[in-house]
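Summary of structural features
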Amino acid sequence: MDEPVDGAGPSPGPPYDHPETEAERRKRRAVFLRELTEARELRERVQPRRTKERRMREAMRMRTFRI
């Protein structure tokens, strides 16, 4: 029963003693967008038929709205 009740201890998140700088935020965002693009490319390689079907549906939708 020697454990702290209020949860004082190492927190899993980032430390909040200083605010994040703009450069850090941009760097973190760039990494996120790079990983997102990589994940989308991987999904297209792994599921080529679904990707083709999605592109065909999108093309049909675009043709529907053309004048």
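This report concerns the structure included in the present document. By convention here, each chain's residues receive numbers from 1 onward along its written sequence. Given that the model is predicted, a residue must reach a pLDDT of at least 70 before its local features are reported, and side-chain atom pairs must reach 80 or more before they are shown or counted; all residues, however, enter totals for whole chains, interfaces and linings. Note: side-chain values were computed over all heavy atoms of the structure, leaving out hydrogens and water.

Here we come to the overall build of the chain. When helices and strands are tallied, the chain shows two helices and zero strands. Three exposure classes are used, based on accessible area relative to the maximum for each residue type with a 1.4 Å probe and protein chains only: buried under 20%, partly exposed in between, and exposed over 50%. Among the 67 residues that make up the chain, the fraction classed as buried is 1%. What sets the accessible areas is the Shrake-Rupley method with a 1.4 Å probe; for residues, cover comes only from the shown protein chains. Accessible surface, the chain as shown: approximately 7300 Å² in total, 56% of it carbon and sulfur. Helix numbering and strand numbering both begin at the N terminus, where a helix is a DSSP run of H or I of at least 4 residues and a strand a DSSP run of E of at least 2.

This brings us to the pattern of salt bridges. Any two side chains of opposite charge can pair, given that their charged atoms come close. By salt bridge we mean one thing: a side-chain nitrogen of Lys or Arg within 4 Å of a carboxyl oxygen of Asp or Glu. A full pass over the atoms with the stated rule returns five salt bridges. Of the charged contacts, one joins Glu22 and Arg26 as a salt bridge, the two residues approaching to 4.0 Å between their closest N and O atoms. Taken together, the residues Glu22 and Arg26, both in helix H1 (residues 22–46) and four residues apart, mark about one turn of the helix. A residue is classified by how much of its surface remains accessible, and Arg26, at 49% relative accessible area, is partly exposed. Between Glu58 and Arg54 there is a salt bridge, with its nearest N and O atoms 3.9 Å apart. In this pair, Glu58 and Arg54 both sit in helix H2 (residues 48–64), four residues apart, roughly one turn of the helix. Members of the salt-bridge network, linked through shared partners, are Glu22, Arg25 and Arg26.

To define axes, lines are fitted to C-alpha atoms, for helices over the stretch in contact only, and angles between the resulting N-to-C directions are given on a 0 to 180 degree scale. Relative to each other, H1 and H2 sit at 105°, their axes nearing to 5 Å. Taken together, H1 and H2 sit at an angle that is classed as roughly perpendicular. When H1 is examined against H2, the residues Arg43, Glu44, Arg45 and Val46 are found in contact with a partner set consisting of Pro48, Thr51 and Arg54. Class assignment of the residues belonging to the contact of H1 with H2 gives a composition of two nonpolar, one polar and four charged. Should an angle fall under 35 degrees it is called roughly parallel, over 145 degrees roughly antiparallel, and 65 to 115 degrees roughly perpendicular, with every other angle called oblique. It only takes one pair of heavy atoms within 4.5 Å for two residues to be counted as in contact. Each residue receives one of three labels: charged for Asp, Glu, Lys and Arg, nonpolar for Ala, Val, Leu, Ile, Met, Phe, Trp, Tyr, Cys and Pro, and polar for the others, Gly being one of them.

That's the geometry; what it means functionally is another story.
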